[in-house]
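Topology and contacts: notes
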Amino acid sequence: MDILIVLEENHGSLHRLSKEAIAGAQELGGEVVALAIGQHANEIADALSSFDLTDVITVDHEMVATYNADGYSEVIKKIIEAESPKIIVAGHTYQTRDFMPRVSAGLRIPFIPDIISLSDNSFVKQVLNAKLNATASSNSDQVILSFQSAAFNEENIRSGSCSSRSF
């Protein structure tokens with residue numbers, strides 16, 4: 001697997017920033033797999049069935065039925081260990097800021113947050129209160145990215161088909 005997108009649900013449906021993360025991941029290129037966690041994971045997987053994704057991994061367990069940072073961190077670490085994605089992507093939400101540093105530290109994978117665009121195998125983010133853009137990259141075999149709101153447009157999601165599988 002090339003790219004794993006960690007999805008977030010919002011009151012039973014896919015969060016807007018997760019849709020933008022799908023568009024960004026597709027722009028990165030390669031095999032894109034999505035991860036849906038929680039009691040609505042199967043409904044989200046059904047909603048993604050017309051997207052150009054390799055598949056959607058669902059995790060529906062009582063310990064992560066609703067969001068909690070410890071549970072989500074553990075699930076995501078186990079998925080990363082089992083699937084070995086090169087890039088892990090998420091929308092930059094409050095939840096992502098809560099659990100993703102735990103995943104990064106636990107697996108020793110660099111985390112580059114707040115990406116606003118992509119540029120020649122590197123990532124552009126704003127610094128100094130958005131006064132400057134900085135280009136970041138990583139020499140690591142794996143990297144975790146979060147995309148800032150409106151960095152990518154959900155209207156650019158490529159359609160296709162995908163199936164889902166339970167983890």
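Structure's up top.
Report on the accompanying structure. Just so you know, these numbers come straight off a predicted model, no measurement behind them.

Considering the overall build of the protein
- Helices and strands together make up the secondary structure of the protein, namely four helices and eleven strands.
- Against the 2.2 N^0.38 benchmark of 15 Å for 167 residues, the protein shows a C-alpha radius of gyration of 15 Å, consistent with a compact globule.
- Dimensions of the protein, computed from C-alpha atoms along their principal axes, come out at roughly 40 × 35 × 30 Å.
- Counting all 167 residues of the protein, 48% fall into the buried class.
- Expressed as a percentage of contacts within the protein between residues at least 6 apart in sequence, the contacts between residues at least 24 apart total 70%.
- Working note: accessible area of the protein is about 8,300 Å², and carbon and sulfur atoms make up 43% of it.
- Side-chain charges of the protein comprise 12 positive and 22 negative groups, with the mean position of each set lying 7 Å from the other.

Observations regarding the layout of surface pockets
- Of the pockets and cavities examined, the largest pocket occupies roughly 260 Å³.
- If you trace the largest pocket, you find 15 residues lining it, with Leu-28, Ile-87, Asn-121, Ser-122 and Phe-123 closest to the centre.
- Of all the elements in the fold, those that place two or more residues in the lining of the largest pocket are strand E7 (111-119) and strand E8 (122-127).

Focus: the nonpolar core
- Ile-5, Leu-7, Ile-22, Leu-48, Leu-53, Val-56 and Leu-145 are the most contacted members of the largest nonpolar core, which has 31 residues in total.
- Every element with two or more residues in this core is listed here: strand E1 (3-6), helix H1 (16-28), strand E4 (32-37), helix H2 (41-47), strand E6 (87-91), E7 and strand E10 (143-147).
- By residue number, the principal contributor to this core is H1, which donates four residues.
- When near neighbours in sequence (up to four residues on either side) are disregarded, Ile-22 contacts Ile-5, Leu-7, Leu-14, Leu-48, Phe-51, Leu-53 and Ile-157.
- Core analysis: the second largest hydrophobic core is formed by 23 residues, Leu-4, Tyr-72, Val-75 and Ala-90 among them.

Quick look at empty space enclosed by the protein
- On inspection of all chains with the given rule, the structure shows one cavity of 30 Å³ or more.
- Each pocket or cavity is described by its volume, and for the largest cavity that value is around 60 Å³.
- Val-6, Leu-7, Glu-8, Ser-18, Tyr-72, Ala-90, Gly-91, Thr-93, Gln-95, Thr-96 and Phe-99 together form the lining of the largest cavity.
- Secondary-structure elements contributing two or more residues to the lining of the largest cavity are E6 and helix H4 (94-107).
- At three residues, H4 tops the list of elements feeding residues into the lining of the largest cavity.
- Within the lining of the largest cavity, the residues separate by chemical class into five nonpolar, five polar and one charged.

Description of the pattern of salt bridges
- For the structure on display, the rule yields nine salt bridges.
- Measuring nitrogen to oxygen at the nearest pair gives 3.1 Å for the salt bridge that ties Asp-2 to Lys-86. Separated by 84 residues along the polypeptide, Asp-2 in the segment before E1 and Lys-86 in the loop between helix H3 (69-83) and E6 bring together distant segments of the chain.
- Under the relative-accessibility criterion, Asp-2 is labelled partly exposed at 23%.
- Among the ionic pairs, Arg-165 bridges to Glu-83, the shortest N-O distance being 3.0 Å. With a gap of 82 residues between them, Arg-165 in strand E11 (residues 163-166) and Glu-83 in helix H3 connect regions that are remote in the sequence.
- Under the relative-accessibility criterion, Arg-165 is labelled partly exposed at 31%.

Basis of the calculations
Residues numbered from 1 in each chain as written. Predicted model: local features only at pLDDT ≥ 70, side-chain atom pairs only at ≥ 80, totals over all residues. Heavy atoms only, no water. Helix = DSSP H or I, 4+ residues; strand = E, 2+ residues; numbered from the N terminus. Rg over C-alpha atoms; globule rule 2.2 N^0.38 Å. Buried < 20%, exposed > 50% of the residue type's maximum accessible area, 1.4 Å probe, protein only. Contact = heavy atoms within 4.5 Å. Areas by Shrake-Rupley, 256 points an atom, 1.4 Å probe, with all protein chains shown as cover. Lys, Arg positive; Asp, Glu negative; His and termini not counted. Charge placed at Lys NZ, Arg CZ, Asp CG, Glu CD. 1 Å grid on protein atoms, 1.4 Å probe; cavity = no way out; pocket = protein on both sides within 12 Å on 5 of 7 lines; lining within 4 Å. Points joined across faces, edges and corners; volume = space filled by probe spheres on them. Core = buried A, V, L, I, M, F, W, Y, C linked by side-chain atoms within 4.5 Å. Nonpolar A, V, L, I, M, F, W, Y, C, P; charged D, E, K, R; others polar. Salt bridge = Lys/Arg side-chain N within 4 Å of Asp/Glu carboxyl O.

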